[in-house]
Amino acid sequence: MRSTIALKLMMAVSGIIFIGFVLLHMYGNLKAFSGHDAYNDYAHHLRTFGEPMLPYGGLLWVIRVVLVLSLVVHVYAAVTLWRRAKRARTVKYVVKKNKHSTYASHLMRWGGVTLLLFIVWHLLNFTIGKVNVDGGPTNDPYNLLVDSFSVWWLTLIYLVAMAMLGAHLHHGIWSSMQTLGLTNSVRERALAKRIGLVLALIITIGFSLVPVFVLAGVIDK
Amino acid sequence: MKLTLKIWRQADTASDGAMHTYEVDEISEDMSFLEMLDVLNERLNSEGEEPIAFDSDCREGICGMCGLMINGEAHGPQVTTTCQLHMRSFSDGETITIEPWRADPFPVLKDLCVDRSAFDRMIQSGGYISVNTGAAPDAHATPVPKDNADRAFDVATCIGCGACVAACPNGSASLFLGAKITHLGELPQGQAERDSRVVNMVAQHDHEGFGGCTNIGECTAACPKEIPLDVISQLNKDLRHAIRRGY
Amino acid sequence: MTDMPDTTFTSDPSHHQDTQETDDAAGYYTPGDPIAETKAPGGPIEERWGTRQFEARIANPANRRRLSVIVVGTGLAGASAAATLGEAGYVVKSFCYQDSPRRAHSIAAQGGINAAKNYKGDGDSVYRLFYDTIKGGDYRSRESNVYRLAEVSVNIIDQCVAQGVPFAREYGGLLDNRSFGGVQVSRTFYARGQTGQQLLIGAYQALERQVAAGTVRTYTRHEMLELIVVDGRARGIIVRDLVTGEIETYFADVVVLASGGYGNVFFLSTNAMGSNVTATWRAHRKGAFMANPCYTQIHPTCIPVSGAHQSKLTLMSESLRNDGRIWVPKDAKDADKDPRDIPEEDRDYYLERIYPSFGNLVPRDIASRQAKNMCDEGRGVGPEVDGVRRGVYLDFAEAMERLGRKAIEDKYGNLFDMYAQITGEDPYEVPMRIYPAVHYVMGGLWVDYDLQGSIPGLFVTGEANFSDHGANRLGASALMQGLADGYFVLPNTIRDYLAEGPFDKVPEDHPAVVEAQQSVRDRIDRFMNTKGTRSVDSYHRELGNIMWEYCGMERSEDGLKKAIDLIRGLRDDFWRNVKVLGTSESLNQSLERAGRVADFFELGELMCIDALNRRESCGGHFRAESQTEDGEALRHDDQYAYVAAWEWAGEPGSQEMGKPILHKEQLTYEFVEMKQRSYK
Ligand SMILES: Cc1cc2nc3c(=O)[nH]c(=O)nc-3n(C[C@H](O)[C@H](O)[C@H](O)COP(=O)(O)OP(=O)(O)OC[C@H]3O[C@@H](n4cnc5c(N)ncnc54)[C@H](O)[C@@H]3O)c2cc1C
Ligand code: HEM
Ligand code: HEM
Ligand code: SF4
Ligand code: F3S
Ligand code: FES
């Protein structure tokens, strides 16, 4: 099934998986407010979850595999749909107004690209490369976090990324419900849009708290 | 009133087009937009310039033949068809940009006329209920609950004008498609072919080269018949069910 | 849409007395031999259609793949026929001038479609529908045809529902009906105000299904410009591809014309911009008789002309007359006053005054004619167009006081919105203005009971034929007739003709074909090369004015004769001075219109001659010379109970019409007694 709608269904499903992950991830990040040990315990717990049935880090690997697959699907579908949309209108309007749609809905694609760049950077930063821009050690997750966000421009990058994420989700959440065919009336549509807005705000604000509070010095080593 | 018109002119599909500027004067507010163009055409004709080609037939908002992009809005600033748009929606001295529907599956034939036969081919791919003439049971054999009948009617009002495609940033015909899927899917008569219909029509939609819907919602705002976004959700749902059932 | 009381019919034997044989049209035409319809079987009227279907030969199913049909038109009449013939296995080619079959003018019908289902149990029956239609047509239609129409009406509803046409339903899930157009029973099926649209989409989808099945090919943006007649049979058409300008020739074993009505001869009408007479007129010029061309229906409740730029008129539902009161100022001096400032005693509720028992609910033709009379007296309202105010008030102030604004909004909200959209006035505040407009033509190509025209192999359906409506059509009956013809009648009668086929292949170089192609090319070249000074539209507008003035709501001997002169003069000028720019090898809308207007000139003249010949008032045709003492229509059954079938007499290819030949088909009534209408 290569139909535009099948592609969209794939996007919606992978997108919802992402949402599940970011919610979990955000919960984890917020542990930073409970201090060094609570946060590191959580990071450790993530890796020992399910032991001895799963090896050390097993759950994390399951998550990683699912995430990577979702990412491939999500990006593949995004690129395919983008290309089809481009081909559907090769001659542009001289004047075109979009007045009944949200900015968020028009931002999806470039927002997605931003998110992709962010994720690459983010993984280099915290997982794969473990770069400590402050030059400190990288083996202590909590300290790495605090070191990183003490740097103003890094925090700024994150905040911009979170704004993008918020926009992506503001449209993406209701859009995925529409894609799944769950919004068959005015009421359901309004509800879906409200859920989208609320969830997007929660996620954006939830993620932004840690970097902001680190920069502000509230969270420190 | 006096207006400056910037109008797309193109000799035929193969030629390149360009915007041309015309000044018109003594336009009355009571004129419809197309009557305003009639007046311009009458003048062009007398000046020896070929009149501007644009489509219209019923001029009462029901046949779906007319359709212009006016100042970047499909059918102009009102929720109506181009033929039912009146000059009182504009102000004296205004500059109005007029372009044809832009979508590659709707090639420009000349000036402001486009070819929308892609819509017919979509209907051919399944937008009907298979019943031969004379084979129908009595009309009262199958009652249709009023809610279903009303919803079917609400979406069956689509006039196939193509404004949804013209307005959609993705050049998607999902609103048109969803309206037909919902109309027929809402009725008991339409059930037998429901799965194959949605699968085939979506395939044809894509084959024609329309873009995919990303739920932006410009289409419904441009739709003169106010077809709601529900129909796209319904379309997606029907496709999902059809896929699940192995179509 | 309206609950208008039935018009009462009283027997009036006296009206025969003061009549005398007159022939106003003498000198304008050539009397021809009488003709008769021969296909309808005799016997009890309810058995005739069954008998005909049984007797009509059947084309061998294996043969059908070798039998081809051309259908011109994709309205209700054409799309339903093409789809049904495709299902039967014939090879069908379907043509329309719009970009999609779905845009045919049938889409604009608002009110509804009649059928004798008697779902309401209010005493309706096939016989009653038959009776009402004969009566409504003012006794100028054929009993056999009308009975058949009523009979198949029930099948239409079944068929449409099965196709998914979303008719209005009640809470129990069953179909709703309303009463419409002055009948006492509720037999009108409807889909809000968009019945025509929904029915057409149903037929269109059935058609597209056949396209997918490979039995039908559609040719959109193709206009028929000539009929090919070989050895006395209709064998094909010549069309212009409106996009490329290519002149193309298509052959078939039979040609069906379902090309709609010609109301646009009046320029301003409620018809679509492209509605034309070309398809039928070209067939007429090749020998098909044109019947009763002067029968025109004028609808009283349309939005008035607002200026010289007007391109078409918009119909508003007649139901408005149920609650709105129609008036004009008593004094012409008040014509440009704000109507709200005109006190009650200075208003003339003229319909209520002249027809105290029917008031605002008099039939369409009366309401229309009286509105014209008021405006002719100078008491019309609204903007002056060409020096005359053409409009009367339709006032809801009293109804709003009585029922409350909310009730009026619920009942007529969408109509009020439409009015506000078009006029920019708020009808809740200021009375609406309405004026009559040309709406439908009862005349058309002559056909027999099989719907076959006077050229063998030429069939005509829908508004294009002279049909079953006599001199006046009842509301909601045109849709019924179009679908009856297309779904049920034609497919059953055409097989009798096709059983003789397939006919010999027509060679491309057959002289009749070459001649037809050449005449099409010559005509186009002539338009392109005249290089005159006046636009096609300006001629059309002027022709329309002549027609409206002299062959509109009221016709008189002097007026018609004057009109014929004016038309001839204008036609000459047209051929010498028309200006068509661009090329003929591309999409050229001026060229398209030029061809249509050229045919309207000839049709217009024939309409006037027909109107001149019929010195009686019947249905939509009102002759000033034939009225009762108090100004009502007066029929003359002893002299005019015939169908006037006109034969073309001009030279092929010439612009001179010659003197058309009149063939009379006498109408006889075996089942219904002829009576005179009265509504006082
Ligand atoms: C505003 C309005 C409201 C109406 N409301 C009602 C109503 O409520 N109830 C009712 O019963 N009737 C109503 N009528 C009348 C009714 O709609 C028409 O009489 C009927 O629809 C005619 O159908 P048709 O199929 O014969 O022709 P049309 O629908 O007019 O179709 C004509 C077809 O022929 C094609 N064609 C024409 N000329 C050519 C050519 N030269 N070459 C190729 N193709 C050609 C056109 O493309 C089109 O496809 C209304 C009419 C109007 C104008
Ligand atoms: C990796 C980079 C990403 C890219 C390139 C990307 C791109 C896109 C694009 C182009 C769309 C379709 C636009 C639309 O439907 O309006 C989309 C939809 C969506 N995205 Fe992303 N996105 C990315 C990451 C994410 C992430 C991280 C999440 C969640 C946390 C997410 C959630 C969603 C959702 C829920 C949808 C809606 C799906 C639908 O409409 O059915 N995306 N994305
Ligand atoms: C301010 C916001 C964020 C902060 C502070 C943050 C912090 C972190 C940290 C510290 C880790 C390493 C955790 C570990 O190794 O145990 C991590 C991993 C990760 N983060 Fe984030 N993150 C943020 C936002 C995001 C967002 C928005 C996304 C997705 C769109 C995301 C996706 C990931 C992924 C995929 C991993 C890797 C998990 C793994 O495989 O180990 N993060 N993040
Ligand atoms: S959905 Fe609306 S905009 Fe699209 S074709 Fe139908 S009527 Fe036109
Ligand atoms: S504007 Fe386009 S993206 Fe979908 S919701 Fe409408 S089709
Ligand atoms: S011309 Fe028919 S909808 Fe505008």
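Residues numbered from 1 in each chain as written. Chains lettered and ligands numbered in written order. Predicted model: local features only at pLDDT ≥ 70, side-chain atom pairs only at ≥ 80, totals over all residues. Heavy atoms only, no water.

1. Notes on the overall build of chain A
Thinking step 1. A tally of regular secondary structure across chain A gives seven helices and zero strands.
Thinking step 2. Walking chain A from its N terminus toward its C terminus, one meets helices and strands in the order α-α-α-α-α-α-α.
Thinking step 3. Projected onto the principal axes, the alpha-carbon positions of chain A cover approximately 55 × 40 × 35 Å.
Thinking step 4. The buried share among the 221 residues of chain A stands at 44%. (Helix = DSSP H or I, 4+ residues; strand = E, 2+ residues; numbered from the N terminus. Buried < 20%, exposed > 50% of the residue type's maximum accessible area, 1.4 Å probe, protein only.)

2. With respect to the state of the cysteines
Thinking step 1. Considering all chains together, one arrives at zero disulfides over all chains under this definition.
Thinking step 2. No disulfide involves C:Cys160; its sulfur sits 19 Å from the nearest other cysteine sulfur, which is in B:Cys158.
Thinking step 3. For C:Cys160, a relative accessible area of 0% gives the class buried.
Thinking step 4. With no disulfide of its own, C:Cys294 has C:Cys551 as its nearest cysteine by sulfur position, at a separation of 6.5 Å. (Disulfide = S-S within 2.5 Å.)

3. Let's talk about the arrangement of the chains
Thinking step 1. Of all two pairs of chains sharing an interface, the pair with the highest contact count is chains B and C.
Thinking step 2. Between chain A and chain C there is no contact; the minimum C-alpha to C-alpha separation amounts to 19 Å. (Contact = heavy atoms within 4.5 Å.)

4. Remarks on helix H2 (residues 117-124) of chain B
For an α-helix, the turn length of 3.6 residues means that residues three or four places apart are oriented alike.
Thinking step 1. Within H2(B), seven of the eight residues are buried, leaving the element largely enclosed by the surrounding structure.
Thinking step 2. Residues of H2(B) that are buried include every one of B:Ser117, B:Ala118, B:Phe119, B:Asp120, B:Met122, B:Ile123 and B:Gln124, and no others.
Thinking step 3. On its buried side, H2(B) packs onto helix H4 (163-167), helix H5 (174-185) and helix H6 (194-208) of chain B together with helix H6 (195-213) of chain C.
Thinking step 4. The positive-phi residue at the C-terminal boundary of H2(B) is B:Gly126, with phi of around 155 degrees.

5. A look at the interface of chain C and chain B
Thinking step 1. Chain C puts 71 residues into the contact, and the matching count from chain B is 75 residues.
Thinking step 2. Taking both sides of the interface into account, the surface hidden between chain C and chain B amounts to around 6100 Å²; carbon and sulfur atoms contribute 50%.
Thinking step 3. In terms of surface lost to chain B, no three residues of chain C exceed C:Arg103, C:Arg209 and C:His309, which account for 11% of the buried area on that side.
Thinking step 4. There are five salt bridges connecting chain C and chain B. (Buried area = accessible area lost by both parts, 1.4 Å probe. Salt bridge = Lys/Arg side-chain N within 4 Å of Asp/Glu carboxyl O.)

6. Some thoughts on the pattern of salt bridges
Residue and element names in this part refer to chain C.
Thinking step 1. Counting across every chain of the model gives 77 salt bridges over all chains.
Thinking step 2. Between Asp496 and Arg57 there is a salt bridge whose closest N-O contact spans 3.0 Å. Residue Asp496 is found in helix H12 (residues 478-498), and its partner Arg57 is found in the loop between helix H1 (45-55) and helix H2 (61-64); the two are separated by 439 residues along the sequence.
Thinking step 3. Residue classification places Asp496 among the buried positions, given a relative accessible area of 13%.
Thinking step 4. A salt bridge links Lys372 to Asp376; its shortest N-O distance comes to 3.1 Å.

7. Let's talk about the coordination of the iron atom of ligand 2
All names here are of chain A.
Thinking step 1. All of the protein donors around the iron atom of ligand 2 are His74 (NE2) and His168 (NE2); their distances to the metal are 2.0 Å.
Thinking step 2. The site at the iron atom of ligand 2 holds six donor atoms, and with the angles between them running 86 to 179 degrees, its shape is octahedral. In this pair, His74 sits in helix H3 (residues 58-88) while His168 sits in helix H6 (residues 152-179), placing the two residues 94 residues apart along the sequence.
Thinking step 3. In this structure His74 comes out as buried when scored by relative accessible area, which is 16%.
Thinking step 4. A relative accessible area of 15% means that His168 is categorised as buried. (Donors = N, O, S within 2.8 Å, 3.2 Å for Na, K, Ca; no water. Tetrahedral: all angles 85-135°; square planar, octahedral: opposite > 155°, others 65-115°.)

8. Here's the deal with the side chain of C:Arg433
All names here are of chain C.
Thinking step 1. Mapped onto the fold, Arg433 is located in strand S19 (residues 432-441).
Thinking step 2. At 3.1 Å, the side chain of Arg433 forms a polar contact with the side chain of Glu425.
Thinking step 3. Apart from the residues lying within four places of it in its own chain, the contact partners of Arg433 are Cys302, Ile303, Pro304, Val381, Gly382, Pro383, Val392, Tyr393, Tyr419 and Glu425. (Polar contact = N/O pair within 3.5 Å; in protein donor to acceptor, adjacent residues only side chain to side chain.)

9. Remarks on the sheet that holds strand S7 (residues 216-219) of chain C
All names here are of chain C.
Thinking step 1. As summarised here, the arrangement of the five strands in space is S7-S4-S3-S11-S21, forming an open sheet in which the pairing is parallel. Of all strands in the sheet, those with a lone pairing partner are S7 and strand S21 (458-460), marking the two edges. Across the sheet, the mean angle separating the axes of adjacent strands is 20 degrees when strand polarity is ignored.
Thinking step 2. As paired strands, strand S3 (residues 68-72) and strand S4 (residues 91-95) are joined by five bridges and run parallel to one another. Bridging across to S4, Val69 finds its partner in Val92.
Thinking step 3. Sheet strands touched by helix H3 (residues 76-88): S3, S4 and S7. Its angle to S4, the strand with the most contacts, is close to 160 degrees.
Thinking step 4. Packed on one face of the sheet, H12 meets S3, strand S11 (254-257) and S21 and runs near 155 degrees to S11. (Pairing = 2+ DSSP bridges. Axes fitted to C-alpha atoms, helices over the stretch in contact; angles between N-to-C directions.)

10. Regarding the interface of chain B and chain A
By a widespread convention, an interface's size corresponds to the accessible area lost as its parts come together.
Thinking step 1. With 46 residues of chain B at the interface, the matching set in chain A holds 42 residues.
Thinking step 2. Interface area, chain B with chain A, both sides summed: about 3500 Å², of which 50% is carbon and sulfur.
Thinking step 3. Contact with chain A buries area across many residues of chain B, yet B:Arg102, B:Asn215 and B:Glu218 alone supply 16% of it, more than any other trio.
Thinking step 4. Seen at the junction of chain B and chain A, the total is three salt bridges.
Thinking step 5. Here B:Glu73 makes a salt bridge to A:Lys97, at a shortest N to O gap of 3.6 Å.
Thinking step 6. Within the residue set of the side of chain B that touches chain A, elements represented by two or more residues are strand S5 (95-99), H4, H6, helix H7 (218-222) and helix H8 (230-244) of chain B.
Thinking step 7. The element best represented in the side of chain B that touches chain A is H8(B), accounting for 10 residues.
Thinking step 8. Of the residues contributing to the side of chain B that touches chain A, the split by class is 22 nonpolar, 14 polar and 10 charged. (Nonpolar A, V, L, I, M, F, W, Y, C, P; charged D, E, K, R; others polar.)

11. Examining the nonpolar core
Thinking step 1. Counting 276 residues, the largest nonpolar core has C:Ile113, C:Phe167, C:Leu227, C:Ile237, C:Phe396 and C:Leu458 as its most contacted members.
Thinking step 2. With 13 residues, the single largest contributor to this core is helix H16 (residues 589-613) of chain C.
Thinking step 3. Those residues in contact with C:Leu458, other than ones at most four positions away along the chain, are C:Leu227, C:Ala234, C:Val255, C:Leu257, C:Ala283, C:Ala288, C:Leu445, C:Leu451, C:Gln452 and C:Gly453.
Thinking step 4. Core analysis: the next-biggest nonpolar cluster, separate from the first, contains 27 residues, B:Met1, B:Leu5, B:Ile7 and B:Leu85 among them. (Core = buried A, V, L, I, M, F, W, Y, C linked by side-chain atoms within 4.5 Å.)

12. As for the environment of C:Leu394
Residues and elements named next belong to chain C.
Thinking step 1. Checked against the element boundaries, Leu394 lands in strand S18 (residues 392-395).
Thinking step 2. In the structure, Leu394 is positioned 41 residues away from Tyr435 in sequence and 9.7 Å away in space, judged by C-alpha atoms.
Thinking step 3. Leaving out residues up to four positions away in the same chain, Leu394 has contacts with Leu320, Gly324, Arg325, Ile326, Pro431, Met432 and Ile434.

13. A look at the side chain of B:Lys146
Thinking step 1. Tracing the chain through its elements places B:Lys146 in helix H3 (residues 146-156).
Thinking step 2. For B:Lys146, a relative accessible area of 18% translates into the label buried.
Thinking step 3. Dropping the residues within four chain positions of it, B:Lys146 is found in contact with C:Arg169, C:Glu170 and C:Tyr171.

14. Quick word on the site of ligand 1
Residue and element names in this part refer to chain C.
Thinking step 1. In the neighbourhood of ligand 1, 38 residues make up the surrounding shell, with Gln98, Ser106, Gly111, Met224 and Glu463 lying closest.
Thinking step 2. Between ligand 1 and Ser106 there is a distance of 2.5 Å, counted from an oxygen atom to a side-chain nitrogen or oxygen.
Thinking step 3. For ligand 1, whose free accessible area comes to 1000 Å², the fraction covered by protein is 98%.
Thinking step 4. Those elements that provide at least two residues to the shell around ligand 1 are H3, strand S8 (222-230), S19 and H12.
Thinking step 5. Looking at which element gives the most residues to the shell around ligand 1, the answer is S8, with three residues.
Thinking step 6. Class assignment of the residues belonging to the shell around ligand 1 gives a composition of 17 nonpolar, 18 polar and three charged. (Near = heavy atom within 4 Å. Areas by Shrake-Rupley, 256 points an atom, 1.4 Å probe, with all protein chains shown as cover.)

15. A short note on the domain arrangement of chain C
Residues and elements named next belong to chain C.
Thinking step 1. According to the domain assignment, chain C consists of domain 1 (298-438) and domain 2 (521-640).
Thinking step 2. The C-alpha-based centres of domain 1 and domain 2 are spaced at 28 Å.
Thinking step 3. With 16 residues of domain 1 at the interface, the matching set in domain 2 holds 11 residues.
Thinking step 4. Three residues stand out in domain 1 for area buried against domain 2, namely Ile298, Arg369 and Lys372, and they jointly supply 49% of the buried area on that side.
Thinking step 5. Our count for the domain 1 to domain 2 interface comes out at zero salt bridges.
Thinking step 6. Linking domain 1 with domain 2 are three residue pairs in polar contact (both at pLDDT 80 or more).
Thinking step 7. Broken down by secondary-structure element, the contributors of at least two residues to the side of domain 1 that touches domain 2 are helix H9 (364-376) and S19.
Thinking step 8. The element best represented in the side of domain 1 that touches domain 2 is H9, accounting for six residues. (Domains from an automatic or database assignment.)

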